[in-house]
Amino acid sequence: MNETKRIVIVGGGITGLTAAYYLQKEIKENNLPYEVKLVEASDRLGGKIKTVRQDGYTIERGPDSFLSRKQPAVKLAEELGMTDQLVRNGTGQSYILVNNKLHKMPKGAFMGIPVQVRPFLFSGIFSPKGKLRAGFDFVIPKSKKGSDQSLGVFFRRRFGNELVENLIEPLLSGIYAGNIDDMSLMATFPNFYQLEQEHRSLIKGLQKTTPEKKKSTGKKTGMFFSFINGFESMIHTLENSLDEGVVSLNTSVDHVEKKDQDYHLLLSSGEVYKADAIVMATPHYTLPKVFSQYDMFNEFHDIPATSVANVALAFDQSAIKKDIDGTGFVVSRNSDFRITACTWTHKKWPQSTPEGKALLRCYVGRPTDQSVVDFSDKEIIEIVLNDLNKTMNITQKPEFSVITRWQNAMPQYTVGHKERIAKVRDEASRELPGLFLSGSSYEGIGVPDCIGQGEKAVADVLEYLRG
Ligand code: FAD
């Protein structure tokens, strides 16, 4: 007898939705005797992907774009027939705020590491001593093989503190909202470790491996994609592609237990749902609660998650008396600013803003300044406007603002992250076969990484169920 096997995906962010999409596709194409269910605690799908469309503006509360070279996201957009809705960012000068002064981002760099040396030699971001120290990269030996270390230790050893504090740290913490001195090299940028092992000098390694086009200073194309109608349009398309009955909203999975061959999932509705396989596509910190009788997940208490808030401010362009010709800036820790980054969204993503208007999107919430995220809207706006007016001259109040607080939203891949995850996965595969962990807490926080993990979870589930 061929009994239908049940697969439950817990969490309807981009990871869970991707898994549901590819599973449904496999089931249909291969006529598999499987049934898929996606359970989401909140009243909507998308998790951190959330777009507000107001007065002709398209405002992203969460991610605004993804790296165009990252295949899983491009492939999913193709799958969904959304390729014609992808837009590249407008290019322009980006800036970095160092010691309270805006500087042009030096050309010819990759994540703050020089590929071309000349622009760094002429940059005002570093002192002569700092430049000399960064040059030690050409002679410093490579790291000991295999062991993890913090990004801070790694980059400080190669380039000295100045390059790290004034350039690398603000760029990296912009992505991870983390502390560079805690973040794992192996879990975030293992390619830099490889480069060091192969070429010793990162500068030389990047020079040898960066394609010519990137090295040239000619007309650039944007490196990021967004969707013309906002990131959430991808969520809506995914949602519409799923068969009726697949998604259960407003339902959290409160507890899971393995009983013989089945998993019993206690849902917030009181129902106990039985399943053969589970994809947990929720943040890691939900696991110790949901699987409270399994000690292996206590390991996840050691994975911190930081909070951030972003603030989108809409202005008439006439309100900005002193504008800056560029796409935005990131802020180094040695500046007397509370915002960590600002994007001139109307320039970076012109389709997001009506003609004659300006849309500025700023972040607050460094790892050392988490309390700001809980401030009132009024207080946060005041902080942001005060900081913006140090570099621009904004003479009117915003026409409107959209503030989004993201509590514990950025999982921190601290030193040893990969080993920690591997250990839990290994124990889970023995004690809880058929359970798969997927999403931003594990193998990459970027949307394409989450999509890739959702796809991988589908392959794992299918392999497991085939036996
Ligand atoms: P989530 O989106 O967190 O989804 C998890 C879901 O699980 C949620 O919907 C939650 O309600 C649900 N859930 C939790 N517990 C339960 C339960 N017990 N039962 C049922 N459901 C449950 N990445 C980029 O590539 N580019 C960017 O520009 C970018 N910017 C970002 C800006 C911000 C402010 C943030 C917060 C992140 C940003 N990221 C960016 C990262 C990226 O958006 C996230 O890593 C990604 O969206 C996470 O997707 P996910 O599906 O793994 O998790």
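Residues numbered from 1 in each chain as written. Predicted model: local features only at pLDDT ≥ 70, side-chain atom pairs only at ≥ 80, totals over all residues. Heavy atoms only, no water.

Per an unreviewed UniProt entry, the recorded name for the protein is Coproporphyrinogen III oxidase, and the organism is Virgibacillus subterraneus. According to its UniProt record, the protein has this under Function (unreviewed entry): "Involved in coproporphyrin-dependent heme b biosynthesis. Catalyzes the oxidation of coproporphyrinogen III to coproporphyrin III." We quote the UniProt Sequence similarities (unreviewed entry) comment for the protein here in full: "Belongs to the protoporphyrinogen/coproporphyrinogen oxidase family. Coproporphyrinogen III oxidase subfamily." (UniProt positions renumbered as here; feature names shortened; annotations may be inferred.)

The two faces of the sheet receive side chains in turn, since in a regular strand these alternate between them. As paired elements, strand β5 (residues 66–67) and strand β11 (residues 224–227) share two bridges and run antiparallel to each other. Its bridge partner lying in β11, Phe 66 is registered against Phe 225. By the bridge criterion, three bridges tie strand β6 (residues 86–88) to β11 in an arrangement that is antiparallel. Within the sheet, the bridge partner assigned to Val 87 lies in β11 and is Ser 226. (Pairing = 2+ DSSP bridges. Helix = DSSP H or I, 4+ residues; strand = E, 2+ residues; numbered from the N terminus.)

Moving on to the sheet that holds strand β15 (residues 272–275). Ordered by their spatial adjacency, three strands build an open sheet running β13-β14-β15, and the pairing between neighbours is antiparallel. The open sheet terminates on both sides in strands that have one partner only, identified here as β13 (253–259) and β15. In this sheet, adjacent strand axes meet at a mean angle of 25 degrees when their direction is disregarded. By the bridge criterion, four bridges tie strand β14 (residues 262–267) to β15 in an arrangement that is antiparallel. (Axes fitted to C-alpha atoms, helices over the stretch in contact; angles between N-to-C directions.)

So, on to the packing of helix α1 (residues 14–29) against helix α2 (residues 71–79). Here α1 crosses α2 at 55 degrees, and the two axes come no closer than 12 Å. Comparing the axis directions of α1 and α2 gives the class oblique. Where α1 crosses over α2, the two elements pack in a sense that is left-handed. Residues Thr 18, Tyr 21, Tyr 22 and Lys 25 of α1 form the contact with α2, whose participating residues are Lys 75, Leu 76 and Glu 79. Across the contact of α1 with α2, the residue classes break down as three nonpolar, one polar and three charged. (Parallel < 35°, antiparallel > 145°, perpendicular 65-115°, else oblique. Left-handed = near helix turned anticlockwise from the far one by under 90°. Contact = heavy atoms within 4.5 Å. Nonpolar A, V, L, I, M, F, W, Y, C, P; charged D, E, K, R; others polar.)

Here we take up the packing of aromatic side chains. Enumeration according to the criterion identifies 21 aromatic pairs in this entry. With a centroid separation of 6.4 Å and an interplanar angle of 55 degrees, the aromatic rings of Tyr 176 and Tyr 413 are classed as tilted. One end of the pair, Tyr 176, is in helix α6 (residues 161–176); the other, Tyr 413, is in the loop between β23 (400–411) and α15 (417–431), with 237 residues separating them in the sequence. Taken together, the ring pairs in this structure connect Phe 110, Phe 154, Phe 155, Phe 159, Tyr 176, Phe 189, Phe 192 and Tyr 413 into an aromatic cluster. We note Lys 258 situated over the ring of Tyr 263; from NZ or CZ to the ring centre the distance is 4.7 Å. Here the guanidinium or amino end of Lys 348 rests over the ring plane of Phe 224, the centre of that ring lying 5.1 Å away. (Phe/Tyr/Trp six-rings, centres within 6.5 Å; stacked < 30°, edge-to-face > 60°. Lys NZ or Arg CZ within 6 Å of the ring centre and 35° of its normal.)

For the structure shown, the criterion picks out zero disulfides. Of the cysteine sulfurs around Cys 342, a residue in no disulfide, the closest is that of Cys 362, at 3.5 Å. (Disulfide = S-S within 2.5 Å.)

Turning next to the site of the ligand. Taken together, the neighbourhood of the ligand is formed by 33 residues, with Glu 40, Lys 48, Ser 65, Ile 445 and Val 447 sitting nearest. Ile 14 is positioned such that a nitrogen or oxygen atom in its backbone is 3.1 Å from an oxygen atom of the ligand. Val 447 places a polar main-chain atom, nitrogen or oxygen, 2.8 Å from an oxygen atom of the ligand. Surface burial for the ligand is 87%, taken as the share of its 1000 Å² of free accessible area covered by protein chains. Going through the elements one at a time, α1, β23 and α16 (447–466) are the ones with two or more residues in the shell around the ligand. Partitioning the shell around the ligand into residue classes produces 15 nonpolar, 15 polar and three charged. (Near = heavy atom within 4 Å. Polar contact = N/O pair within 3.5 Å; in protein donor to acceptor, adjacent residues only side chain to side chain. Areas by Shrake-Rupley, 256 points an atom, 1.4 Å probe, with all protein chains shown as cover.)

Across soluble globular proteins, you tend to see nonpolar side chains buried next to one another. Grouped together as the largest cluster of nonpolar side chains are 43 residues, with contacts concentrated most on Ile 9, Ile 14, Phe 66, Leu 76, Phe 227 and Met 234. Those elements giving two or more residues to this core turn out to be β1 (5–10), α1, β2 (34–39), α2, β11, α11 (232–241), β16 (277–280) and α16. The residues contacting Ile 14, other than those within four sequence positions of it, are Gly 46, Ile 49, Met 234, Ile 235, Leu 238, Val 447, Cys 450 and Ile 451. Of all hydrophobic cores here, the second largest spans 40 residues; its members include Ile 168, Met 183, Leu 195 and Ala 341. (Core = buried A, V, L, I, M, F, W, Y, C linked by side-chain atoms within 4.5 Å. Buried < 20%, exposed > 50% of the residue type's maximum accessible area, 1.4 Å probe, protein only.)

With that settled, the discussion passes to the UniProt feature "transmembrane region" (unreviewed entry) in the protein. The UniProt entry lists residues 7–23 under the feature "transmembrane region" (unreviewed entry), expressed in the numbering used here. Secondary structure content for residues 7–23 is 59% helix and 24% strand, and the end C-alpha separation is 9 Å.

Packed helix pairs are characterised by how far apart their axes lie and by the angle those axes make with each other. Relative orientation of the contacting elements α1 and α16 amounts to 40 degrees, with a least axis distance of 8 Å. Here α1 lies oblique to α16, going by the angle between them. As for the relative orientation of α1 and α16, their crossing is right-handed in sense. Here α1 contributes Ile 14, Thr 15, Thr 18, Ala 19, Tyr 22, Leu 23 and Glu 26 to the contact with α16, which in turn contributes Val 447, Cys 450, Ile 451, Gly 454, Glu 455, Val 458 and Leu 462. Across the contact of α1 with α16, the residue classes break down as nine nonpolar, three polar and two charged.

Next up on the list: the sheet that holds β23. Pairing is mixed across the open sheet formed by seven strands, whose spatial order is β8-β7-β19-β20-β21-β17-β23. Both edges of this open sheet fall to β8 (101–104) and β23, since each of them pairs with a single strand only. The average undirected angle you get between the axes of adjacent strands in this sheet is 20 degrees. Sheet analysis places strand β17 (residues 305–316) next to β23, joined by nine bridges and oriented antiparallel. Within β23, the position partnered with Val 311 by the bridge is Ile 403. Of the strands in this sheet, β7 (94–98), β17, β19 (328–331) and β23 touch α6, which is tilted by about 110 degrees from β7.

The subject of this paragraph is the pattern of salt bridges. Oppositely charged side chains are able to pair whenever their charged atoms sit close together. This structure, assessed with the given rule, holds 24 salt bridges. Residues Arg 6 and Glu 35 are paired through a salt bridge, measuring 3.6 Å at the closest nitrogen-oxygen approach. Of this pair, Arg 6 sits in strand β1 while Glu 35 sits in strand β2; the two residues are 29 residues apart in sequence, bridging distant segments of the chain. Residue classification places Arg 6 among the partly exposed residues on the basis of a relative accessible area of 29%. Salt-bridge contacts for Lys 70 lead to Asp 449; the nearest nitrogen and oxygen are separated by 3.2 Å. Pair noted here: Lys 70 is in the loop between β5 and α2 and Asp 449 is in helix α16, with a separation of 379 residues, a long-range link. According to the relative accessible area criterion, Lys 70 is partly exposed, its value standing at 25%. (Salt bridge = Lys/Arg side-chain N within 4 Å of Asp/Glu carboxyl O.)

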